[in-house]
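Structural characterization, general
Here are the chains, one letter per residue:
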Amino acid sequence: MLIATTTAITTAAALTTPLAALLTHRALRRAANARLMRITTPNGIDEQGFVRIGGIDQWVSIRGEDRANPVLLEVHGGPGAANSPYGARTRAWERHFTLVRWDMRGAGLTFANGGAPAQGGEATFERLYADALEVTHHVRERLGVDQVVLLASSFGTVFGLRLARSHPELFSAYVGTDQNVLEAGRDTTAYDATLGRLRAAGKAKQAAEIEAMGPDARRWSRKQRTAYDKLCAGSDPLTLDTVKKVILGSMWLSPLYSLRTIAAYFKAQAFSETVIPGSHDIDVWADGTTFEIPFFVFQGAHDVITPAARAKAYFDAVEAPVKAFELIEDASHFAALRHPDRFLALLLTHVQPAVTAAPATPAATA
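This report concerns the structure included in the present document. (Residues numbered from 1 in each chain as written. Predicted model: local features only at pLDDT ≥ 70, side-chain atom pairs only at ≥ 80, totals over all residues. Heavy atoms only, no water.)

Digging into the side chain of Ser 272
When you line up the elements, Ser 272 lands in the loop between helix 10 (259-271) and helix 11 (284-287). Given a relative accessible area of 1%, Ser 272 falls into the buried group. For Ser 272, the side chain forms a polar contact with the main-chain oxygen of Gly 106, separated by 2.5 Å. Setting aside anything within four residues of it in sequence, one finds Ser 272 in contact with Pro 79, Gly 80, Arg 105, Gly 106 and Ala 107. (Helix = DSSP H or I, 4+ residues; strand = E, 2+ residues; numbered from the N terminus. Buried < 20%, exposed > 50% of the residue type's maximum accessible area, 1.4 Å probe, protein only. Polar contact = N/O pair within 3.5 Å; in protein donor to acceptor, adjacent residues only side chain to side chain. Contact = heavy atoms within 4.5 Å.)

Some details on unusual backbone geometry
That bond from Gly 78 to Pro 79 is cis: its omega, 0°, falls within 30 degrees of zero. In this fold, Pro 79 is placed in the loop between strand 3 (71-75) and strand 4 (98-102). Phi is positive for Asp 330, which is not a glycine, with a value near 55°. Mapped onto the elements, Asp 330 comes out in the loop between strand 8 (323-328) and helix 13 (335-338). Take Asp 330: its relative accessible area is 38%, and that puts it in the partly exposed class. In this model, Phe 334 sits at a positive phi of 65°, which is unusual for a non-glycine residue.

Remarks on the nonpolar core
Most often, soluble globular proteins have nonpolar side chains that are buried together. One finds Phe 159, Leu 163, Tyr 174, Tyr 265, Phe 295 and Tyr 314 to be the most contacted residues of the largest nonpolar core, which totals 67 residues. In terms of residue count, helix 4 (residues 125-143) provides more of this core than any other element does, eight residues in total. Counting 22 residues, the second largest nonpolar core, distinct from the first, contains Leu 99, Phe 296, Leu 347 and Val 351. (Core = buried A, V, L, I, M, F, W, Y, C linked by side-chain atoms within 4.5 Å.)

Keep in mind that these numbers describe shape and distance, not what the molecule does.
Dropping the structure here:
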């Protein structure tokens, strides 16, 4: 529910602009983004629509300027925070990769296509994991490739680590950003830092609210989780700025998102909260730190939601044929979307060489 926490603030700010002018500006920007998104290259691909996955219609986008490029399959976060609004921001990625965006069951355009009744029942961790495997097979068959690069973000990295570890035959590399490191409730780094920021800002009431919840997120109610997400993001100016300008801004100006679809996006996040309990007992250390494929983590240097120090500690323990860890400065959570140009540079520097030619010797960067 992180993205939803700033909606009221952004809406209030928007209301200070006359409605007609606001909607006219939006229409012009959406039209410009639609033109930006056109792919006209001879060997390009632009397929966006619904595919039957897990017994329901799920939205899948396959786009790129050259089908010979490596394939990036995204697994988005949330739960329920689809990546479909960000096409304009990441348009340059499609010059070098074939980018596959999938709105999970209970997320984004998949949820908007019929709402809760069309999701095939309750969204669970196990169902989404099975869907991810089915999407992977669909993409491999549609594009005629043996393997794809798995690009996971935020809560999607919880799926991503398991997919990469369990199915190395399907993936040429793992790329994590906003990397989660779940430890079955043991790690309280983000919680402690949130409590510290609130106290430092003199927000005693909010700090007391967080303290009363306790550090074990597995024991929180939905209401408590929403309250924590709001205070975690809201107490960090960089995260709050990114949510308002990058996340909500992209949604507002996306050619794919009508006002009705935007409303559905937030309903999807509430619907998808049922996925969280399925991850409560996951311990990535116990699951293992050995991967048979190249392993990369590109993390926001100032991420308050999934702290970079935790991602780096896990990365240091990973054994993989090739691995690299990079910090993205001036970024908290959503680092790839705040700085898509820097993220692309990292993909081209580290990932592209690893998946297009076997390196002579394993390499690692700190």
